[in-house]
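Analysis of the macromolecular model
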Amino acid sequence: TCGICVEKCPFDAIEIINLPQELDDEPTHRYGDNAFALYGLPVPSPGNVTGILGPNGIGKSTAVKALAGELVPNLGEFDDDANWEAVLDRYRGSELQNYITQLMDDDITVARKPQYVDQIPKQFDGNTRELLEQTDERGVLDELVERLSIQPIMDQSIDSISGGELQRVAIAATLARDADFYFLDEITPYLDIGQRMVVARLIRELADDPEADRSMLVVEHDLAILDLLADTLHVAYGEPGVFGVMTDPKSVRNGINEYLEGYLNNENMRIRPESITFEEHAPRETSRGTPLVEYPEISKSYGDGEFSLDVDAGMIYEGEVLGVVGPNGIGKSTLAKLFAGNIDPDDGELDFNLDISYKPQYIEIDQPMRVDSFLSSITDEFGTSYWNTEIAQPLQLDPIMEQQLTDLSGGERQRVAIAACLSEPADLYVLDEPSAHLDVEQRVQATSAIRRYAENHDATALVIDHDIYMIDLLADRLMVFDGEPAKHGHATEPQEMRAGMNDFLADLDITFRRDEGTGRPRINKPGSQKDSQQKRDGEYYYSA
Ligand code: ADP
Ligand code: ADP
Ligand code: MG
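Residues numbered from 1 in each chain as written. Chains lettered and ligands numbered in written order. Predicted model: local features only at pLDDT ≥ 70, side-chain atom pairs only at ≥ 80, totals over all residues. Heavy atoms only, no water.

Notes on the packing of aromatic side chains
In the structure shown here, the tally under the stated rule is eight aromatic pairs. Between tyrosine 99 and phenylalanine 181, the ring centres sit 4.6 Å apart and the planes meet at 80°, which makes this aromatic pair edge-to-face. Taken together, the residues span a long stretch of sequence, with tyrosine 99 in helix α3 (residues 96–104) and phenylalanine 181 in strand β5 (residues 181–185) at a distance of 82 residues. One exposure class covers both tyrosine 99 and phenylalanine 181, and it is buried. Geometry around tyrosine 259 places arginine 272 over its ring, the cationic atom sitting 5.2 Å from the centre. (Phe/Tyr/Trp six-rings, centres within 6.5 Å; stacked < 30°, edge-to-face > 60°. Helix = DSSP H or I, 4+ residues; strand = E, 2+ residues; numbered from the N terminus. Buried < 20%, exposed > 50% of the residue type's maximum accessible area, 1.4 Å probe, protein only. Lys NZ or Arg CZ within 6 Å of the ring centre and 35° of its normal.)

Description of the site of ligand 1
Every residue close to ligand 1 is listed here: Tyr31, Phe36, Pro55, Asn56, Gly57, Ile58, Gly59, Lys60, Ser61, Thr62 and Gly241. In the environment of ligand 1, an oxygen atom lies 3.0 Å from a nitrogen or oxygen atom belonging to the backbone of glycine 59. Interatomic distance of 2.5 Å between a side-chain N/O atom of threonine 62 and an oxygen atom of ligand 1. Coverage of ligand 1 by the protein amounts to 61% of the 570 Å² it exposes when considered alone. Counted by class, the shell around ligand 1 contains four nonpolar, six polar and one charged residues. (Near = heavy atom within 4 Å. Polar contact = N/O pair within 3.5 Å; in protein donor to acceptor, adjacent residues only side chain to side chain. Areas by Shrake-Rupley, 256 points an atom, 1.4 Å probe, with all protein chains shown as cover. Nonpolar A, V, L, I, M, F, W, Y, C, P; charged D, E, K, R; others polar.)

Section: the nonpolar core
Counting residues in each nonpolar core, the largest one holds 85 residues, and the members touching the most others are Leu132, Ile203 and Ile468. Per-element tally for this core: the top contributor is helix α8 (residues 193–208), with nine residues. Contacts of isoleucine 203, omitting those with residues within four sequence positions, involve Val49, Leu175, Leu184, Ile187, Met216, Val218 and Leu229. Residues Ile365, Ala419, Leu422 and Leu431 belong to the second largest nonpolar core, which totals 34 residues. (Core = buried A, V, L, I, M, F, W, Y, C linked by side-chain atoms within 4.5 Å. Contact = heavy atoms within 4.5 Å.)

Looking at the coordination of the magnesium ion (ligand 3)
Coordination sphere of the magnesium ion (ligand 3), protein contribution only: Ser61 (OG) and Gln115 (OE1), at 2.1 to 2.2 Å. On the criterion of sequence distance, the pair formed by serine 61 in helix α1 (residues 60–67) and glutamine 115 in the loop between β4 (110–113) and α4 (120–123) is long-range, its members being 54 residues apart. The residues serine 61 and glutamine 115 share a single accessibility class, namely buried. (Donors = N, O, S within 2.8 Å, 3.2 Å for Na, K, Ca; no water.)

Some thoughts on the pattern of salt bridges
Within this structure, the stated rule accounts for 30 salt bridges. As a salt-bridge pair, aspartate 208 and arginine 204 come within 3.1 Å of each other at their nearest N and O atoms. Taken together, the positions of aspartate 208 and arginine 204, both in helix α8 and four residues apart, correspond to about one turn of that helix. (Salt bridge = Lys/Arg side-chain N within 4 Å of Asp/Glu carboxyl O.)

Topic: the packing of helix α13 (residues 385–392) against helix α15 (residues 440–457)
Running from amino to carboxyl end, α13 crosses α15 at an angle of 135°, the nearest separation of the two axes being 9 Å. It follows from the interaxial angle that α13 and α15 lie oblique. On α15, the residues that touch Tyr386, Thr389, Glu390 and Ile391 of α13 are Ala449, Arg452, Tyr453, Asn456 and His457. (Axes fitted to C-alpha atoms, helices over the stretch in contact; angles between N-to-C directions. Parallel < 35°, antiparallel > 145°, perpendicular 65-115°, else oblique.)

Notes on the site of ligand 2
Taken together, Tyr302, Phe307, Pro327, Asn328, Gly329, Ile330, Gly331, Lys332, Ser333, Thr334 and Ala486 are the residues near ligand 2. At a separation of 3.0 Å, an oxygen atom of ligand 2 approaches a polar backbone atom of glycine 331. Lysine 332 places a side-chain nitrogen or oxygen 2.8 Å from an oxygen atom of ligand 2. Summarising the interface, the protein chains cover 61% of the accessible area of ligand 2, which totals 570 Å² for the free molecule. Of the residues forming the shell around ligand 2, the biggest block, three residues, is contributed by helix α11 (residues 332–340). Taken together, the residues that form the shell around ligand 2 break down as five nonpolar, five polar and one charged.

Okay, here's the thing in structure tokens:
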């Protein structure tokens, strides 16, 4: 046996499955005795965008901090004299030698965007303009502010702006610097697809700047964006929280495909027992089962009508998953709150008479309570084998059951909130941005947990998300929002996937093709033959 499957192999494996074992070699960095160890480092390369893809807790941020010169790797020794000479000795003759030499000689400048932008207000006291002016070494502030739509918050204090705004300000502040090496630790959290595309283009343009030899290194979980943006990719694998290994660079296409496949070719290493597959389901034919609810046209505005939302009348069927897509600030969360009965419409009536379970976008769990006590207070099924298989296991709850809710990281809190939402007996489950803070595997597992739960319970789910892979895997039909963010939003009735995706992507002016090997959706290069053809055909997503 391979060590995982003791009795009968559930994978019908012809090959022996070797899951990663901690290496015998000395690590690049270890945080302490028996603490997390990182093996290898990614290699930034001039004129290129280098990506890093891997699960949470595998050492991506550690590697970025090391290359940015903020952490001297200790090579596994804890005698307090970690130094770059020793690191250079270790990497002599490798592609990193050159980089480390330059870093030691102070020959290069680096700019880093940290992963947790929420920390920025604690470190900076002032408004957006002051922060950005301080970093504008390239004299490009006006352009960045315009393209990232930062104008409305220029005079607002940094500690009063939202997560998505803070993310764009942090990216602008990093890209405004005149550096040789840029390190961007996660670029999409809180951003909508249009904003993600803008950020990807800005990073690409800096890499392609013929006047300078800039290297860009990007950590990212949104595969569509990573695929579009990166030239090469380091896959990080291992055991989260225990050890992580950086592979040599792969082409971005192979890197993503091998990652999804769960098998690294060059390394001859299985990193996950099962593969993640994108079935090329032609847009799902809705089976038009039993109607769950028919709702009329509704509208809602805030304040003196600074923002107004109009929702077309529609019908929701039992057992379907409705995807909801649209830009930030367009009224998606408002719709979720209307359906959940948390707020009332101005016009139109929602007398649903349904049990609704709602996971809000911003999760506030601040009871001083353990995860297991919290979840068992929600459902009697807590701890049954059924609940364990359907909820605890796909949401990886076991390792955090004994932790306090208040101690959880963003991704852990998200998984507990999804579990809490699905554990509540209901007719309609409303989940607002469940992918936020999750890594690729967690997204896929959360997605299948939501789908399976809806199917097994004839329950209906409404899921708002910006991750197009997640929506593709999850949704039977799509509600599309358009309008002008922060002013006016309009929601269509639920549409077939093909029509909905066309509607949504035409607005964004992007088309997708399917990867030949894995069937996963890939964004076409603007102006490429496929892009132009699909736009002519009006097939933005499900092209032949
Ligand atoms: P990733 O960016 O891939 O999510 P990180 O590099 O942030 O992973 O962390 C990898 C592991 O190292 C985690 O288990 C984390 O808890 C641990 N770790 C990170 N920073 C420290 C630190 N300063 N001291 C001890 N452990 C740390
Ligand atoms: P989305 O979920 O699509 O990002 P929201 O529904 O959260 O959008 O918000 C739509 C608009 O309504 C935004 O401009 C937001 O600032 C505004 N808004 C949301 N909630 C309130 C409220 N309680 N009072 C006033 N304005 C609000
Ligand atoms: Mg990280």
